[in-house]
Amino acid sequence: MSSATYHTLLRTPGAAAFFLTATVGRIGIAMTSLGIIWLVHGQTGSYAAAGLVTGGFAVAEALVGPQLARLIDRFGQTHVLPPALLTHTTAMGSLLALVENGSPNWLITAAGALVGATIPQLGALSAARWSALLRGEQAAVLPTAFALESLSNGLCYLAGPALVTAVGPPVACAPASPPPPLTTSTHATQTSTALLHTVSKLANVYSCD
């Protein structure tokens, strides 16, 4: 199976379910940072404030993401994903509410940082699933699986900003309406993470569970 193609890999029992589920969530994650910029700028009129909040989001994700990965390695994805998803959803709701209510920039930045700190790292989780699924003689095709993961990440991060633009900037929305880019990205991330958790429990292929 060393010459496996992407199509062959996805025909492996259980592979398509977790890979395609994670891909949807990756698109949502790729939409988040630009969505935050448009959200904050649309409400404050300041790109400086928007950059500050987005910077908090990015730095927190970079710092806390590896710690979240350690928790997943220790306790398993099925145990860590539900509270992580709940925290991320709460953080996103708080960010939307604070921006809409005209809260101070430091408070909005703190909420943005919490969003970044709790965002599910679905690409890494999907890669770990491949490692658990392709064992023994199938381990030879792991490089192909990881190449597929890299391709998916690249395409998702190209598609995400384009989808934010297609959905429309929040400044065009009525003040009482939720901003479409962020609500779309949040729904995609939430749904994908929840489905990944369900698929994971049914498949029971985690190396750490």
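Our structure is the block above this text.
Quick notes on the rules
- Residues numbered from 1 in each chain as written.
- Predicted model: local features only at pLDDT ≥ 70, side-chain atom pairs only at ≥ 80, totals over all residues.
- Heavy atoms only, no water.
- Helix = DSSP H or I, 4+ residues; strand = E, 2+ residues; numbered from the N terminus.
- Buried < 20%, exposed > 50% of the residue type's maximum accessible area, 1.4 Å probe, protein only.
- Contact = heavy atoms within 4.5 Å.
- Patch = residues over 30% accessible without salt bridge, like charges linked within 9 Å, V, L, I, M, F, W, Y side chains within 5 Å.
- Areas by Shrake-Rupley, 256 points an atom, 1.4 Å probe, with all protein chains shown as cover.
- Salt bridge = Lys/Arg side-chain N within 4 Å of Asp/Glu carboxyl O.
- Expected span 1.5 Å × (residues − 1).
- Bend = angle between axes of the 7 residues up to and from the residue.
- Phe/Tyr/Trp six-rings, centres within 6.5 Å; stacked < 30°, edge-to-face > 60°.
- Axes fitted to C-alpha atoms, helices over the stretch in contact; angles between N-to-C directions.
- Left-handed = near helix turned anticlockwise from the far one by under 90°.
- Parallel < 35°, antiparallel > 145°, perpendicular 65-115°, else oblique.
- Core = buried A, V, L, I, M, F, W, Y, C linked by side-chain atoms within 4.5 Å.

Note on placement: T118 falls in helix α5 (residues 105–118). A relative accessible area of 10% means that T118 is categorised as buried. If sequence neighbours within four positions are ignored, T118 has contacts with A84, T87, H88 and A91.

A few words now on a nonpolar patch on the surface. A contiguous nonpolar surface patch, about 400 Å² in accessible area, is contributed by Y6, L151, L155 and L158. Following the sequence through the fold, L155 ends up in helix α7 (residues 142–167).

Moving on to helix α2 (residues 15–44). Across its 30 residues, α2 extends 44 Å between first and last C-alpha, which sits within 8% of the 44 Å expected from 1.5 Å per residue. The axis of α2 is deflected most strongly, by about 35°, at T32. Backbone geometry just downstream of α2 places G45 in the positive-phi region, at approximately 75°.

All right, on to α5 then. Between its first and last C-alpha, α5 extends 20 Å over 14 residues, near the 20 Å set by a 1.5 Å rise per residue. Among the residues making up α5, those that are buried are I108, T109, A111, G112, V115, G116, A117 and T118. Of the surrounding secondary structure, the elements contacted by the buried residues of α5 are α2, α3 (47–75) and α4 (77–100).

Okay, the packing of aromatic side chains next. Within this structure, the stated rule accounts for two aromatic pairs. Centre to centre, the rings of F18 and W130 are 5.1 Å apart; their planes meet at 70°, and the pair counts as edge-to-face. Residue F18 is found in helix α2, and its partner W130 is found in helix α6 (residues 122–133); the two are separated by 112 residues along the sequence. W130 carries the same exposure label as F18, and that label is buried. Of the residues examined, W130 reaches a relative accessible area of 0% and is grouped as buried. Taken together, the ring pairs in this structure connect F18, F19 and W130 into an aromatic cluster.

A packed helix pair is summarised by two numbers, namely the angle formed by the two axes and the spacing between the axes. Direction vectors running N to C along α2 and α3 enclose 145°, while the axes themselves pass 8 Å from each other. Regarding α2 and α3, the two cross each other, and that crossing is right-handed. Residues T32, S33, I36, I37, V40, H41 and T44 of α2 touch α3, and the partners they reach there are Y47, A49, A50, V53, T54 and F57.

The subject of this paragraph is the packing of α3 against α4. For the pair α3 and α4, the least separation of the axes is 10 Å and the interaxial angle reads 160°. Comparing their axes, α4 and α3 come out roughly antiparallel. Considering how the two elements wind past one another, α3 and α4 form a crossing that is right-handed. Note on element contacts: α4 touches α3 through Q77, H79, V80, A84 and L95, opposite V53, L68, L71, I72 and F75.

Another point: the pattern of salt bridges. Evaluated as defined, the whole model comprises one salt bridge. Salt-bridge contacts for R26 lead to E149; the nearest nitrogen and oxygen are separated by 2.6 Å. Taken together, the residues span a long stretch of sequence, with R26 in helix α2 and E149 in helix α7 at a distance of 123 residues. Taken individually, R26 and E149 each receive the classification buried, so the pair is uniform in this respect.

Turning our attention to the nonpolar core. Counting 26 residues, the largest nonpolar core has I36, V40, V53, L95, V99, I108 and V115 as its most contacted members. Breaking this core down by element, the ones donating at least two residues are α2, α3, α4, α5 and α6. Of all hydrophobic cores here, the second largest spans eleven residues; its members include A15, W130, V141 and L148.

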